[in-house]
Every structure is written in C-alpha cells, then in structure tokens.
Amino acid sequence: AKGGAEEAAKEIGGSVVQAAPSQVTAEAQIEFINNFVAQKVGVIAIAGNDANAVAPALKRAAKEGIRVISYDSDVAPGARQAFVNQVKGDSLAEMMLQSMHDLIGGEGEFAILSSTPTATNQNAWIAFMNEKLASEPAFAKMKLVQTAYGEESEQVNQQQALALVQAFPDLKGLIVPSGLGLPAAARALEQAGNLDKIKLTGLAPATLMKKYIDAGESQDIWWNVTDLGYLTYHVAQLIAQCKITGSEGETFSAGRLGDYTIGAAGEVVLGPAKIVTPANLAEFKF
C-alpha cells in the first residue's frame, strides 16, 4: 500500500510517511495519531484496529486542522471524512463463503479464524456470512461451529488453527479473513498433516499462499494492494486541497485508476476482488 501511495505522490505531489505500532491495539494506534498531530501532517489515513476506540483521538486531530480518512479497515464514520474500501464488504464475505462451499462440497462443519474481536472489517464480513448461512438454501448444509481469534500473531494463529481441528473432529474447513492468519494456519496444518482433510480459504497476499493454491489445498481472495494505496493517496490529497469533502455523490479522478464516485457514508470502493487460483496466480505479485 505504501508503494502505491508513493507512486501517486510522485504523480501529484506531496509526500508519504508510514508508521505502525508493533501491537494491534487501539491504544498503540492512538499514540501514533497523537504523534502525527504534533508533526502537523496534512492528512492521516488510518487502517483502524478498533473503529470506536480510536475515534476520539482522530476527532482531536480534526480539531487541529488535520484531515482524516480511513482505508482497508474503517473507523467510526464520525471520526473521518472518507473510507477507501478495498472491495465491498458484502462481496468479500460472500466470496469467502462461496469459496468454502466449493472446497468442502457444500456441506459440513467449518470454523472462522479471525484476527481480533474488534477488527471492524472482519466483524462485518462475519456478520454477513452468518446472515447468508441463515437465509441462503445453497448454504443450508454448512455449519459454522466456532469463531476464534489469532490476535495478529503467527504463533497464536497456528495454535488456534490446531485447536479448532482438535476440538471439532468433523471439521472440514477454515475461513481465515486475515492476511497474517491464513498463511500461518496453512503452515500449522501442513506440519500437522491435516491439509488432506481441512480446506482453507480467506484473505492473504497471494504470494504467501502460492504453494497451497497450486496444490489445491486452499483458495485465496485478494485485491491489488498497491492500487489501494494509490487510491488512498489520491483521496487524501483531494480532501487536503478541499476538492472533495467525502460527501455522497462527489466524483473525482484517481490517475491511472480512472474516475470514482463517493458512496454512502463517504465510502470509496477500489473495485471487485478476485478468487486466486493456479490459473491467475501470476497476476498477484504481492
């Protein structure tokens, strides 16, 4: 994402500073938000660890004249002007559920291994998957047995993946909507010899899942992360220059990505994701 933002900065001016805490908590992000306020940056673009907990700090930043947008993982709408979403959340959730359906033959037990209980985007995806499971006849024979959390730790993700397999002897698959969690779970199940009976799907950089995708042990749903950073920087600059405000219906151009229209609640959607298969794996170089 930073690479895409830097590409956009070279085209339209300005500069990119990227910073991130070592812990995936709201408290850790708040410290960085306050530091950016002290530096008097023009715009803060945040991938939120907790939608509501970071909101007061972001609102204080706005009072200091700093524009605030979110990308990748939203924050409370009242704490930012726009949200640059990688793909419509409902679409991602349905793709993950459909991918699990196809991998396990449309029936049987599966679990979800999410990142943290407060992850905005993942909670929304899980809620939508539960709605689909309850309402869609195509998913009637699928049973979600548990949602566990890997806490953005490779070790915890591996432990949780193995614990789910042990707790549910009839488990047929895992949905892991976390870029760190999916490859971590795959490695753990590979070492335990479980990948012959447990199928994996979810979200992760395709390069980290290459051998599992090639082997037919996993599917992956992903988007162009560089483009997400590129679009985020364009939105940030336009808001900084007061050319857009984040209001529904506003239109703008984002360089090589073309024209966009801002949707409800300030949402800008990069575009549709893809299910990564051996046939299109070469397209995903990240």
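Whatever comes next refers back to the structure up there.
This structure is a prediction, so every number in the text was calculated from the model and none was measured.

Further remarks concern helix α6 (residues 154–167). Look at α6: 20 Å from first C-alpha to last across 14 residues, which is about the 20 Å you get at 1.5 Å a residue. Those residues of α6 lying buried are Asn157, Gln158, Ala161, Leu164 and Val165. The buried residues of α6 occupy an angular sector of 130° when the element is viewed end-on, so they sit on one face. More than 90 degrees from the buried face of α6, the exposed residues found are Gln155 and Gln166. Along its buried surface, α6 packs onto β4 (108–114), β5 (142–149), β6 (171–176) and α7 (181–191).

A few words on the pairing of β6. The buried count for β6 comes to 5 of 6 residues, which makes it a mostly enclosed element. With 4 bridges connecting them, β4 and β6 associate as parallel partners. Paired with Phe110 across the two strands is Gly173, which belongs to β6. Pairing analysis gives 4 bridges linking β6 to strand β7 (residues 199–202), with the strands arranged parallel.

This part is about the layout of surface pockets. Within this model, the second largest pocket holds a volume of roughly 280 Å³. Mapped by element, the contributors of at least two residues to the lining of the second largest pocket are β3 (82–85), α4 (89–103) and α5 (120–135). A total of 4 residues in the lining of the second largest pocket trace back to one element, the largest contributor, which is α5. Among the residues making up the lining of the second largest pocket, the classes are represented as 8 nonpolar, 5 polar and 6 charged.

With respect to the helices and strands, Gln219 occurs in the loop between α8 (210–214) and β8 (220–222). In terms of polar contacts, Gln219 uses its side chain to reach the side chain of Ser99, at 2.5 Å. With residues up to four places along the chain from it excluded, the contact list for Gln219 reads Ser99, Leu103, Leu182, Leu200, Thr201, Gly202, Ile275 and Val276.

This model, assessed by the stated rule, comprises 2 aromatic pairs. Consider the rings of Phe252 and Tyr260, whose centres lie 5.8 Å apart with planes at 15°: the pair is stacked. Residue Tyr260 is classed as buried on the basis of its relative accessible area, which comes to 11%. Sitting over the face of the ring of Tyr230, Arg256 holds its NZ or CZ atom 4.2 Å from the ring centroid.

Taken in spatial order, the 4 strands line up as β1-β2-β3-β11 in an open sheet, and their pairing is parallel. Two strands bound the open sheet, and with one partner strand each, they are β1 (43–46) and β11 (267–269). Recorded for the sheet is a direction-independent mean angle of 20° between the axes of neighbouring strands.

On to the nonpolar core, then. Core analysis: the largest hydrophobic core is formed by 68 residues, its most contacted members being Met129, Leu171, Leu174, Leu200, Leu231, Val235 and Phe252. With residues up to four places along the chain from it excluded, the contact list for Phe252 reads Leu231, Val235, Leu238, Ile244, Gly258, Asp259, Tyr260, Ile262 and Val268. Of all hydrophobic cores here, the second largest spans 17 residues; its members include Val37, Val41, Ile46 and Ala61.

Attention shifts here to the side chain of Thr116. By the secondary structure assignment, Thr116 is in the loop between β4 and α5. What makes Thr116 buried here is its relative accessible area of 6%. Ignoring sequence-local partners within four residues, the contact set of Thr116 consists of Val24, Asn123, Tyr149, Glu151 and Glu152.

Within the secondary structure, Asn52 sits in the loop between β1 and α3 (55–63). Judged by its relative accessible area of 56%, Asn52 falls in the exposed class. Measuring from C-alpha to C-alpha, the distance between Asn52 and Thr120 comes to 9.2 Å, with 68 residues separating the pair along the chain.

What follows deals with the packing of α6 against α7. Running from N to C, α6 and α7 point in directions that differ by 55°, and their axes come no closer than 8 Å. Taken together, the axes of α6 and α7 lie oblique to each other. The crossing of α6 and α7 is right-handed. Contacts between α6 and α7 involve Glu154, Asn157, Gln158, Ala161, Leu162 and Val165 from the former and Gly181, Ala184, Ala185, Arg187, Ala188 and Leu189 from the latter. Class assignment for the residues of the contact of α6 with α7 results in 7 nonpolar, 3 polar and 2 charged.

The residue Gly106 is located in the loop between α4 and β4 in this model. The buried category is assigned to Gly106, whose relative accessible area is 8%. For the pair Gly106 and Gln166, spaced 60 residues apart in sequence, the C-alpha separation works out to 22 Å. Residues contacting Gly106, with those up to four places away along its chain left out, are His101, Ala138, Lys141 and Met142.

Cut-offs applied
Residues numbered from 1 in each chain as written. Predicted model: local features only at pLDDT ≥ 70, side-chain atom pairs only at ≥ 80, totals over all residues. Heavy atoms only, no water. Helix = DSSP H or I, 4+ residues; strand = E, 2+ residues; numbered from the N terminus. Expected span 1.5 Å × (residues − 1). Buried < 20%, exposed > 50% of the residue type's maximum accessible area, 1.4 Å probe, protein only. Arc of directions from axis to C-beta. Contact = heavy atoms within 4.5 Å. Pairing = 2+ DSSP bridges. 1 Å grid on protein atoms, 1.4 Å probe; cavity = no way out; pocket = protein on both sides within 12 Å on 5 of 7 lines; lining within 4 Å. Points joined across faces, edges and corners; volume = space filled by probe spheres on them. Nonpolar A, V, L, I, M, F, W, Y, C, P; charged D, E, K, R; others polar. Polar contact = N/O pair within 3.5 Å; in protein donor to acceptor, adjacent residues only side chain to side chain. Phe/Tyr/Trp six-rings, centres within 6.5 Å; stacked < 30°, edge-to-face > 60°. Lys NZ or Arg CZ within 6 Å of the ring centre and 35° of its normal. Axes fitted to C-alpha atoms, helices over the stretch in contact; angles between N-to-C directions. Core = buried A, V, L, I, M, F, W, Y, C linked by side-chain atoms within 4.5 Å. Parallel < 35°, antiparallel > 145°, perpendicular 65-115°, else oblique. Left-handed = near helix turned anticlockwise from the far one by under 90°.

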